[in-house]
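Architecture and fold: a report
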Amino acid sequence: MNINITLIGQMITFALLVWFTMKFVWPPIMRAMAERQKAIADGLAQAERGKHNLELAQKKAADVMRSAREDAAGVMADAGKRANALIEEAKNQAHLEGERLVTAAGAEIELETSRAREHLRRAVADLAVAGAGKVLEKEIDAKAHAKLLDDLIKKL
Amino acid sequence: MIAAMVPGAGNPSEYIVHHLTNLAVGQGFWTFHLDTLFFSVVLGLTFFFLFRRVAVRATAGVPGGLQNFVEIMVEFADRQVKDTFHGKSELIAPLALTIFCWVFLWNLMDLVPVDLLPLVSSWFGVPYLRVVPSTDLNATFGLSLTVLLLIVFYSLKVKGPVGYAKEFLTHPFGPYLFPANLLLNIVEMIAKPLSLSLRLFGNLYAGEMIFILIALLPWWIQPALSLPWAIFHILVITLQAFIFMMLTIVYLSMAHEESH
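My aim in this report is to walk through the structure given alongside it, one point at a time. (Residues numbered from 1 in each chain as written. Chains lettered and ligands numbered in written order. Predicted model: local features only at pLDDT ≥ 70, side-chain atom pairs only at ≥ 80, totals over all residues. Heavy atoms only, no water.)

**Some remarks on the overall build of chain B**
- Counting its secondary structure elements, chain B contains eight helices and two strands.
- For chain B, the residues scored as buried account for 45% of the 260 residues in total.
- Partitioning the contacts of chain B with sequence separation of at least 6, the portion at a separation of at least 24 is 71%.
- Within the structure as shown, chain B displays about 12800 Å² of accessible surface, and the carbon and sulfur contribution to it stands at 75%.
- Taking the average place of the 12 positive charges on the side chains of chain B and the average place of its 15 negative ones, the gap between the two points comes to 9 Å. (Helix = DSSP H or I, 4+ residues; strand = E, 2+ residues; numbered from the N terminus. Buried < 20%, exposed > 50% of the residue type's maximum accessible area, 1.4 Å probe, protein only. Contact = heavy atoms within 4.5 Å. Areas by Shrake-Rupley, 256 points an atom, 1.4 Å probe, with all protein chains shown as cover. Lys, Arg positive; Asp, Glu negative; His and termini not counted. Charge placed at Lys NZ, Arg CZ, Asp CG, Glu CD.)

Quick look at the structure:
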């Protein structure tokens, strides 16, 4: 085997080849690979974030639903209370009105009764006078005995 | 026998010698092995332009088939470097990639039938042709000496001339045995490029020699021998390229480390 100038040629070729590779091959390929790696990492991170957001949104939706349900229950309870109160008030009013009506009716009955009693008294007095006249078989002067009659009426 | 069609084929030893002779011009040290230079440059450019093509079009989106392949190679080299080499260097990973791909392509030439390219070139008046650059010591030493220069360069850069000299004199036995240290370190330094290049050269030279010997046998027995050998050789050529790359990374990472 003989070592000769070919060795130097090979060394130069090798050095140039390494230099070219370092300058023109390595950086673009590494850059592309790094970019792709970054893109994949970003995509994964984004997916993770999306999942997280979805979870948050779901939790929020559940919260909203629950609070809405609570609100609705509150409104229902209020409405029931209000309705009860209204019914109670109406009942009270009706009761009062009824009492008033009864009182009024009572007063009217009282009035009618006293009026009827007056009427009856008068009729009885007349009847008594007529009866007394018949009994005495003579005309009694109503005017002469008016005072007597009035006393009588009052006593009835 | 195919050998009969090939120039230089008289008797077996002539055939073998013919196959082991480089196409050379010049005298003595100033001899150029044109075939080694030609094939290593062509293979180097093949590697470079293939990867450059992908690098230019490299997209961060979904990669195509060729880009996938190139990215696998790049990532493979990058991972090997990151696993072994803990410093920060722009050079080492591309260097490792270049070594692996280039040496692999050199070795791959060993799987081309031994007589094919010499026969074709003989039609154009080329008398000798060795197609596997890694069976030429000039090629393997070209790689390993460049690696040695890088080892020295990085040792000086990281440790400084004084630190490097100190390591040479005091490691591993301490300052009082500095002659032994010096001797040991010089031997170690020489052993690195020597083992790198001779390992690659030896494996591929032997492999090529076996192919040549198989080619001397009667044609009907050749496939039964050359096929298993070629299949086994796929492993060898990949492994040798990988070993060369790995050891280069290891040596350079050792050069970067402060004294042990």
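Text resumes after the structure shown.
**Here we look at the nonpolar core**
- Counting 56 residues, the largest nonpolar core has B:Phe47, B:Phe51, B:Val74, B:Leu97, B:Ile99 and B:Met245 as its most contacted members.
- At the level of secondary structure, the elements contributing two or more residues to this core comprise helix H1 (6-136) of chain A together with helix H2 (34-57), helix H3 (65-84), helix H4 (92-108), helix H6 (137-170), helix H7 (178-215) and helix H8 (222-256) of chain B.
- Sort the elements by how many residues they give to this core and H4(B) lands first, with 12 residues.
- Ignoring any residue separated from it by four or fewer positions in sequence, one finds B:Phe47 in contact with A:Leu17, A:Thr21, B:Leu97, B:Thr98, B:Cys101 and B:Leu105. (Core = buried A, V, L, I, M, F, W, Y, C linked by side-chain atoms within 4.5 Å.)

**A closer look at the packing of helix H1 (residues 12-19) of chain B against H7(B)**
Residues and elements named next belong to chain B.
- One way to put it is that H1 packs onto H7 with a least axis distance of 11 Å and a crossing angle of 145°. At the point where H1 passes H7, the crossing takes the right-handed sense. Within the contact between the two elements, H1 uses Tyr15, Ile16 and His19 and H7 uses Glu208, Met209, Ile212, Leu213 and Ala215.
- Residue composition of the contact of H1 with H7, grouped by class: six nonpolar, one polar and one charged. (Axes fitted to C-alpha atoms, helices over the stretch in contact; angles between N-to-C directions. Left-handed = near helix turned anticlockwise from the far one by under 90°. Nonpolar A, V, L, I, M, F, W, Y, C, P; charged D, E, K, R; others polar.)

**Observations regarding the side chain of B:Asn138**
- With respect to the helices and strands, the residue B:Asn138 is situated in helix H6.
- By relative accessible area, B:Asn138 is classed as buried at 0%.
- Apart from the residues lying within four places of it in its own chain, the contact partners of B:Asn138 are A:Asn2, A:Ile3, A:Asn4, A:Thr6, A:Leu7, A:Gln10 and B:His33.

**Overview of the interface of chain A and chain B**
- Of the residues lining the interface, 27 residues belong to chain A; the matching set on chain B comes to 51 residues.
- Carbon and sulfur atoms make up 78% of the area that chain A and chain B hide from each other, which totals about 3500 Å².
- Summed over the three residues of chain A that lose the most area to chain B, namely A:Gln10, A:Phe14 and A:Trp26, the buried surface amounts to 20% of that side.
- Linking chain A with chain B are one salt bridge, by the criterion used here. (Buried area = accessible area lost by both parts, 1.4 Å probe. Salt bridge = Lys/Arg side-chain N within 4 Å of Asp/Glu carboxyl O.)

**Describing the environment of B:Ile186**
Residue and element names in this part refer to chain B.
- Among the structural elements, Ile186 can be located in helix H7.
- Classification of Ile186 as partly exposed rests on a relative accessible area of 38%.
- Sequence spacing of Ile186 and Phe168 is 18 residues, and the spatial spacing of their C-alpha atoms is 8.1 Å.

**A look at the layout of surface pockets**
- As a volume, the largest pocket reaches approximately 330 Å³.
- Every residue lining the largest pocket is counted, 15 residues in all, and those nearest its centre are A:Trp26, B:Asp78, B:Ser89, B:Glu90 and B:Ala93.
- Of all the secondary structure elements, the ones that give two or more residues to the lining of the largest pocket are H1 of chain A together with H3 and H4 of chain B.
- For the lining of the largest pocket, the element with the most residues is H1(A), which contributes four residues. (1 Å grid on protein atoms, 1.4 Å probe; cavity = no way out; pocket = protein on both sides within 12 Å on 5 of 7 lines; lining within 4 Å. Points joined across faces, edges and corners; volume = space filled by probe spheres on them.)

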